[in-house]
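# Coordinate inspection notes
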Amino acid sequence: MHLFDRKFQDLWRGRTVLEKWIIFFATVLCCVFLMLTIMKIKGTSSIRRSIDVAAEPCDNFYEFACGKYYRRMDFDKYDNWFMDKTTKISEEITDILEKKDSKGDLQSVKQGRRLYKACLNTDKLNTLQYDTVFKFLNKVGIPKNIPGLMISYYNEPKFNVAKSLALIQRYLGMDIIMQIIMDVNPKTNLSVISVGPVSSYVSTLPEPLYDFHRPTKIGRKQPFDIHEISKDDGFNKRLAIAKVQYMIKIILYLFPEEDFNNDLMAEFCLNIFSFELDLLKKDVDYEKKGEEFTTYGLRNYMYSGVPDPSIETLFDWQTYISYITTGTNVKWSMSDIILVRNPEYFLELREKLLNASEEKIQQLLWWKVVEALVTHTTTQMVELKEEFMQTILPSAKRSTRKEFCTSVVKSTLKLPLAYEFYVRHDLKETTEEIFEMIKQLQDVFKDMISESEWMDEDTKSRILFKLDSIRIGVGYPEIFQTPELVDKKYDYVKTLENEYLQSLLNIRETEINLLLSELGKPVKFSLSKQFIMDPLEVNAFYTRLDNSINIPAGILQLPFYNKGVDVVNYGAIGAIIGHEITHGFDIEGKNYDSYGQKISQWSSNAEREYLRRAMCFVDQYNQFELTPSTRLNGTLTLGENMADNVGLKQSWKAYKLNKIGEGVHLPGLAEYSNDQLFFLSYANVWCRKPFDENEEQIQDFIADDHSPNTTRVIGSSRNSPEFAEAWKCPAGSRMNPSKKCSMW
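Summarised in this report is the structure supplied together with it. (Residues numbered from 1 in each chain as written. Predicted model: local features only at pLDDT ≥ 70, side-chain atom pairs only at ≥ 80, totals over all residues. Heavy atoms only, no water.)

### Some details on the sheet that holds strand β1 (residues 179-185)
Within a beta sheet, neighbouring strands are joined by backbone hydrogen bonds and run either parallel or antiparallel to one another. What counts here: A pair of strands is treated as paired once DSSP finds two or more bridges between them. A run of DSSP states H or I qualifies as a helix once it reaches four residues; a run of E qualifies as a strand once it reaches two. Both are numbered from the N-terminal end. Each axis is a line fitted through C-alpha atoms, and for a helix only the stretch in contact is used; angles between axes span 0 to 180 degrees, taken between their N-to-C directions.
One open sheet holds the four strands; their spatial order is β1-β2-β4-β3, and the pairing between them is mixed. Unpaired on one side and paired on the other, β1 and β3 (291-294) mark the two borders of the sheet. The sheet shows a mean angle of 40° between the axes of neighbouring strands, taken without regard to direction. Pairing between β1 and strand β2 (residues 190-196): seven bridges, direction antiparallel. Directly across from Val-184, in β2, lies its bridge partner Ser-191.

### Quick look at the side chain of Asn-641
Stated precisely, the cut-off is as follows: The contact criterion used is simple: two residues touch if any of their non-hydrogen atoms lie within 4.5 Å.
The topology assignment puts Asn-641 in helix α26 (residues 638-657). Once residues lying within four places of it in the same chain are set aside, the contact partners of Asn-641 are Tyr-621, Gly-634 and Ser-707.

### Some details on the environment of Leu-354
When you line up the elements, Leu-354 lands in helix α15 (residues 344-354). Sequence-wise, Leu-354 and Phe-315 are 39 residues apart; in three dimensions their C-alpha atoms are separated by 9.8 Å.

### As for the nonpolar core
To keep it simple, the criterion reads: The criterion is simple. A nonpolar core is a set of buried Ala, Val, Leu, Ile, Met, Phe, Trp, Tyr and Cys residues joined through side-chain atoms within 4.5 Å. When a residue's accessible area, from a 1.4 Å probe over protein chains only, is under 20% of the maximum for its type it is buried; when over 50% it is exposed; and in between it is partly exposed. The split of the chain into domains comes from an automatic or database domain assignment.
Membership of the largest hydrophobic core comes to 215 residues, with the highest contact counts inside it found for Phe-61, Phe-315, Tyr-320, Trp-727 and Trp-744. Considering each element in turn, this core owes the most residues, ten residues, to helix α16 (residues 358-374). In this structure, this core is formed jointly by two domains, domain 1 (1-95 + 427-477 + 530-743) and domain 2 (121-396), each of which donates at least three residues. Contacts of Trp-727, omitting those with residues within four sequence positions, involve Pro-57, Cys-58, Phe-61, Phe-64, Tyr-672, Gln-676, Phe-679 and Leu-680.

### As for the packing of helix α20 (residues 428-451) against helix α21 (residues 457-468)
Put simply, the rule reads: By definition in this entry, angles of less than 35 degrees are roughly parallel, angles greater than 145 are roughly antiparallel, angles of 65 to 115 are roughly perpendicular, and the rest are oblique. Polar here means any residue other than Ala, Val, Leu, Ile, Met, Phe, Trp, Tyr, Cys and Pro, which are nonpolar, and Asp, Glu, Lys and Arg, which are charged; Gly is therefore polar.
The interhelical angle for the contact between α20 and α21, taken along N-to-C directions, is 175°, at an axis separation of 10 Å. Taken together, the axis directions place α20 and α21 in an arrangement best described as roughly antiparallel. Contacts between α20 and α21 involve Gln-442, Phe-445, Lys-446, Ile-449 and Ser-450 on the former and, on the latter, Lys-460, Ile-463, Leu-464, Leu-467 and Asp-468. Across the contact of α20 with α21, the residue classes break down as five nonpolar, two polar and three charged.

### Here we look at the side chain of Lys-460
Heads up, the condition is: Between N or O atoms, a polar contact is any pair within 3.5 Å; within protein, one atom must be a potential hydrogen donor and the other a potential acceptor, and residues adjacent in sequence are included only when both atoms are from side chains.
Considering the arrangement of structural elements, one finds Lys-460 in helix α21. For Lys-460, the side chain forms a polar contact with the main-chain oxygen of Ser-450, separated by 2.8 Å. Residues contacting Lys-460, with those up to four places away along its chain left out, are Ile-449, Ser-450, Ser-452 and Met-455.

### Some points on the packing of aromatic side chains
Using the following cut-off: In this analysis, rings of Phe, Tyr and Trp, with Trp reduced to its six-membered ring, are considered paired at centre separations within 6.5 Å, and the interplanar angle assigns stacked below 30 degrees, edge-to-face beyond 60, and tilted for intermediate values. For a Lys NZ or an Arg CZ to count as sitting over a ring, it must be within 6 Å of the ring centre and within 35 degrees of the ring normal.
All chains considered together, the criterion is met by 40 aromatic pairs. With a centroid separation of 4.8 Å and an interplanar angle of 75°, the aromatic rings of Phe-61 and Phe-723 are classed as edge-to-face. Linking Phe-61 in helix α3 (residues 61-66) with Phe-723 in helix α30 (residues 721-727), this pair joins segments that are 662 residues apart in sequence. Judged by its relative accessible area of 0%, Phe-723 falls in the buried class. Linked through ring pairs, Phe-61, Phe-64, Trp-652, Tyr-655, Tyr-672, Phe-678, Phe-679, Phe-723 and Trp-727 together constitute an aromatic cluster. For the cation-ring pair, Lys-144 lies above Phe-134, with the distance from its terminal atom to the ring centre recorded as 4.7 Å. Positioned above the aromatic ring of Trp-686, the side-chain terminus of Arg-712 is 4.0 Å from the ring centre.

### Topic: the sheet that holds strand β5 (residues 471-475)
What the three strands build is an open sheet, ordered β5-β7-β6; its pairing is mixed. If you trace the sheet from one side to the other, it starts and ends with β5 and β6 (541-543), each paired once. Mean inter-strand twist for the sheet, computed between neighbouring axes without regard to direction, equals 15°. Direction of pairing for β6 relative to strand β7 (residues 548-552): antiparallel, over a ladder of three bridges. If you follow Tyr-542 over to β7, its bridge partner there is Ile-549. Helix-sheet contacts for α20 involve β5 and β7, and the interaxial angle to β5 is about 145°. Where helix α24 (residues 566-582) meets the sheet, it contacts β6 and β7, and its direction lies at approximately 155° from that of β7.

### Concerning the environment of Asp-105
One can find Asp-105 in the loop between α5 (81-98) and α6 (107-120). In this structure, the C-alpha to C-alpha distance between Asp-105 and Pro-416, residues 311 residues apart in sequence, is 9.7 Å. Among all residues touching Asp-105, those that are not within four sequence positions of it are Lys-100, Lys-110 and Arg-113. Within the structure, Asp-105 has its side chain in polar contact with the backbone nitrogen of Ser-102 (distance 2.8 Å). Of the polar contacts made by the side chain of Asp-105, one reaches the side chain of Arg-113; its length is 2.8 Å.

### Examining unusual backbone geometry
The omega angle of the peptide bond from Leu-558 to Pro-559 is 0°, so this bond is cis rather than trans. Its identity as a non-glycine residue notwithstanding, Asn-342 has a phi of 50°, on the positive side. Relative to the helices and strands, Asn-342 is located in the loop between β4 (337-340) and α15.

### Brief notes about the state of the cysteines
Defined simply, a disulfide is a covalent bond joining two cysteines at their sulfur atoms. Note the cut-off: Any two cysteine sulfur atoms lying within 2.5 Å of each other are counted as a disulfide.
In the structure shown here, the tally under the stated rule is four disulfides. Across a sulfur-sulfur distance of 2.0 Å, Cys-66 and Cys-687 are joined as a disulfide pair. Given an S-S torsion of about -80°, the disulfide between Cys-66 and Cys-687 has left-handed geometry. Taken as a pair, Cys-66 in helix α3 and Cys-687 in the loop between α27 (674-684) and α28 (695-703) lie far apart in primary sequence, 621 residues in all. Neither residue differs from the other here; Cys-66 and Cys-687 are each classed as buried. Bridging Cys-616 to Cys-741, the disulfide has an S-S length of 2.0 Å. Judged by the sign of its S-S torsion, about -80°, the bond between Cys-616 and Cys-741 is left-handed.

This is how it looks when you write it as structure tokens:
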């Protein structure tokens, strides 16, 4: 018998029943206390380890709160907390995918493991080479051999612009000269086809290397496109050179036996790249509802004034709608109603098609298909893409094959993989706490609006109604409560053994078929919980078009949320949620009603006063320097800056109203008051690797509607009288200026 066992028996022997119960409960209480203490230590360690006490909080609060963060972090892995936690989630997904199937696993997760293994099998991919790419080109009516560059092309069948475009969208979902999406007709509440301009080229197949290199923006929902990174001419020149070199290398790998003329090939690639950029339409308002046309009416509008609409390069709408519904039960006729965004674009498109040769259009389609598919073929093609991305968006880290394949499967099977987290990490109590926090934030925001003296009562009433009407999604979607429905939703996902790319294409084709099958059906609109598309995303969102906020499960972890440490939670996730709520009332969100319709709800006097207050933020943020010669654009960043400021104020008021943490000091941070901890936790979530002032990063900040993290923390803290009071900042100090901006 062990000594410990003997001592325990001695302690227990001879005790009365009451004494035994007292010992038992005391032991339980000690264990609970120990667990809570450990949780608090974990919750505050990220704050404690980031603080640089050598910095002066009233001079540069960001440096004080984050100064040691970027001296101790491993930036070869991640630049900020959001990337850190995203990486941790990806690592856990890899672990799930590498486990053997067990009896209780979802069938969709098992299919995900097969897809993962097929992706990892680079020997097989290198053996298959590019057969799948060439077969797909043939399937959509485009020759394997490059139009106009290879002599053997001229023996190919007749090319039809509308047919190939329709088949590319039918089987791949790729928008090249026209975007097509499923929308809702507001008059009938039925699903309807919506067409409009293309503003970015985003592959519909998973793009792990784009995801790996792209800038992470909190709340960003617009598609990421490499061509939109910068408006700087110097950068665009480097982009063009890198893109043309990338295209040339791909062609040489595809046709190693072909004897190309290098000058002709370079000219060919540059012409394609120029043509694809020319077809892009910038500044498209995706939130603007399209105008009603019949398909025939759009065709007539597009070709009005054209003497001969049968010109081969023009777009034949009848052929297009016939082929895009290939293999489906969907009926789309020329007399059917469609929604058209930016109708004038189709007049521009007509002119561009008239001025382009049939061969040039065919070359563009050939390239866009090849570009989307080749990343999922040989290791050489992956290396070429990595090399290209490193040129455009340099990164100290390189994606491993495991990371690549994990990203592919996660993109394909978001919900089944998230369900595995749902089973592993119970967030039921956390979700309830976040819903309660959101209600508190809404309540204090109502008070802020109601107490404002510059808004008239009618405007207040409409704004408060919208605030009450926000649809809220937190954590995991409700479908996870019925896992068999998750499997049913993904029963089309089938992985062909050793046919990785073909499996992806089959999955994508079926997804488009399912989407098209919804055409003409009523759209269900729920006033309750918003469906969360990616529960594992480390982010938070507000969507104007349905007046909803989403707080995915991915962000409900340290340092954003820590169970039982409320003062930290209100400063961190509370301010983030307040930020998202405020987006419904920022410079753009204020123009949308409770149902997502773009309708003015403000009286002229309230609008005028709102803009006057908004200009205070514009002028203030215009003064922040990115470099000694470059300042922040306060107009471009206005919406995000307002959300930061108002969101922080909401969270502070909710924190104080609930008397959270009064008289309680956290382990390792006893020297700071709870009010100070609130602001430290707010700053901590924005700690990141400092940018190195290279030209690309500066241009990225100039074009971004988010302020740099440093500015986000300093700007909103400077406008907070409560911050100045908590840190005893002297009047007129950098963190307590005499002029402060406030909306409510």
